[in-house]
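Spelled out, the chains give:
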Amino acid sequence: MKKIAVFSLFCLTVLGTAFGQTEKPIHEIHAAMIYNFMKYVQWPDDGTAGDFVVGILGEDNVFNTLKSYYDGKPKGTKKYSIRKLTDASEAATCAVVYIGKGKSKEFENVKNAVSGKPVLTITDSFNLGKKGSCINLKVIDDKLKFEINQASMNGASLKVAGQLSSMAILI
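Residues numbered from 1 in each chain as written. Predicted model: local features only at pLDDT ≥ 70, side-chain atom pairs only at ≥ 80, totals over all residues. Heavy atoms only, no water.

## Quick word on the confidence of the model for the protein chain
Thinking step 1. Here the protein chain averages 88 in pLDDT, and 85% of its residues register 70 or above.
Thinking step 2. Scored below 50 in pLDDT, residues 4–10 shows 10 contacts in the model against residues more than four places distant or in partner chains.
Thinking step 3. With pLDDT under 50 throughout, residues 12–22 is counted as low confidence; its partners more than four residues away or in other chains account for 20 contacts. (pLDDT = per-residue confidence, 0-100. Contact = heavy atoms within 4.5 Å.)

## Re the packing of helix α2 (residues 26–39) against helix α3 (residues 60–70)
The geometry of a pair of packed helices is captured by two quantities: the angle between their axes and the separation between those axes.
Thinking step 1. The interhelical angle for the contact between α2 and α3, taken along N-to-C directions, is 55 degrees, at an axis separation of 9 Å. Relative to α3, the element α2 is oriented oblique. As α2 runs across α3, the sense of the crossing is right-handed. Contacts between α2 and α3 involve His27, Glu28, His30, Ala31, Ile34 and Tyr35 from the first element and Asn61, Val62, Thr65, Leu66, Tyr69 and Tyr70 from the second.
Thinking step 2. By residue class, the composition of the contact of α2 with α3 is seven nonpolar, four polar and one charged. (Axes fitted to C-alpha atoms, helices over the stretch in contact; angles between N-to-C directions. Helix = DSSP H or I, 4+ residues; strand = E, 2+ residues; numbered from the N terminus. Parallel < 35°, antiparallel > 145°, perpendicular 65-115°, else oblique. Left-handed = near helix turned anticlockwise from the far one by under 90°. Nonpolar A, V, L, I, M, F, W, Y, C, P; charged D, E, K, R; others polar.)

## Focus: the sheet that holds strand β4 (residues 78–85)
Thinking step 1. Spatial strand order, β3-β4-β2-β5-β6-β7-β8-β10: eight strands in an open sheet with mixed pairing. Across the chains shown, the open sheet's two edge strands, defined by having one partner strand only, are β3 (74–75) and β10 (169–170).
Thinking step 2. As judged from the six bridges shared by strand β2 (residues 52–57) and β4, these two strands associate in the parallel manner. Opposite Leu57, over in β4, you have Leu85 as the bridge partner.
Thinking step 3. Relative to β4, α3 is tilted by about 160 degrees, and along the sheet it contacts β2, β4 and β5 (96–99). (Pairing = 2+ DSSP bridges.)

## Some details on the side chain of Ser133
Thinking step 1. Take Ser133: it is sitting in the loop between β6 (120–123) and β7 (135–140).
Thinking step 2. A polar side-chain atom of Ser133 sits 3.3 Å from the main-chain carbonyl oxygen of Thr121.
Thinking step 3. Only 2.8 Å separates the side chain of Ser133 from the backbone oxygen of Ile135, close enough to count as a polar contact.
Thinking step 4. The contacts of Ser133, once residues within four sequence positions are left out, are Phe107, Thr121, Ile122, Thr123, Leu128, Asn149 and Ser152. (Polar contact = N/O pair within 3.5 Å; in protein donor to acceptor, adjacent residues only side chain to side chain.)

## Focus: the pattern of salt bridges
Thinking step 1. Counted by the stated rule, this structure contains four salt bridges.
Thinking step 2. In this structure, Glu28 engages Lys24 in a salt bridge whose closest nitrogen and oxygen atoms are separated by 3.8 Å.
Thinking step 3. The closest approach of N and O atoms between Lys84 and Asp60, which form a salt bridge, is 2.6 Å. With Lys84 in strand β4 and Asp60 in helix α3, this pair connects stretches of sequence that are 24 residues apart.
Thinking step 4. A residue is classified by how much of its surface remains accessible, and Lys84, at 29% relative accessible area, is partly exposed. (Salt bridge = Lys/Arg side-chain N within 4 Å of Asp/Glu carboxyl O. Buried < 20%, exposed > 50% of the residue type's maximum accessible area, 1.4 Å probe, protein only.)

## So, the packing of aromatic side chains
Thinking step 1. As enumerated under the stated definition, the model contains seven aromatic pairs in all.
Thinking step 2. Between Tyr35 and Tyr80, the ring centres sit 5.8 Å apart and the planes meet at 55 degrees, which makes this aromatic pair tilted. Placement of the pair is Tyr35 in helix α2 and Tyr80 in strand β4, with a sequence separation of 45 residues.
Thinking step 3. Tyr80 sits in the buried class, given a relative accessible area of 4%.
Thinking step 4. Relative to Tyr80, the ring of Phe52 lies with its centre 5.7 Å away and its plane at 85 degrees, an arrangement referred to as edge-to-face. (Phe/Tyr/Trp six-rings, centres within 6.5 Å; stacked < 30°, edge-to-face > 60°.)

## What about the pairing of β5?
Thinking step 1. Both faces of β5 are covered, namely the face carrying Val96 and Tyr98 and the face carrying Val97 and Ile99.
Thinking step 2. Two elements, β2 and β5, share four bridges in a ladder whose sense is parallel. Residue pairing for β5: Leu57 is matched across the bridge by Ile99.
Thinking step 3. One ladder, built from four bridges, connects β5 with β6; its direction is parallel. When the bridges of β6 are listed, Val97 appears paired with Thr121.
Thinking step 4. Taken together, β5, helix α4 (residues 107–114) and β6 constitute a β-α-β crossover, and its handedness is right-handed. (Right-handed = clockwise from strand over helix to strand, strands pointing away.)

Okay, structure coming up:
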């Protein structure tokens, strides 16, 4: 229950704050949101050992922030491994892939690379939620919001906690 309250407070603060009024840089906000999304999404139990790989395509600042905060920290029985992706084909080795705005043209390639795999795709581009991203960040009325594409989540065999769904724009 405490986790839910903390996440709700975080999201209300982040989502209710206009960009011009925030003291944190947007890449730090995106990194925190990515981390919190991972806490409220359930992956199928694959029984494999190894790292929980979070791949970042584009957005060096988001990569650097996630790397410095979470790389090597525990995630259940695994450890977070934050990796900079140089090509869309590398996405297939990840549990999470964040595609920054500058690399949004690579989305279709990433989508094809992870098709049928339990990979959470998170994007930052106006229309990519409707095109199949699991979670898409977007700005509406100067406020940061997020969309969840339930069909994409189901296609990736991922389950979303109700607390996260209740705060999202559902597609």
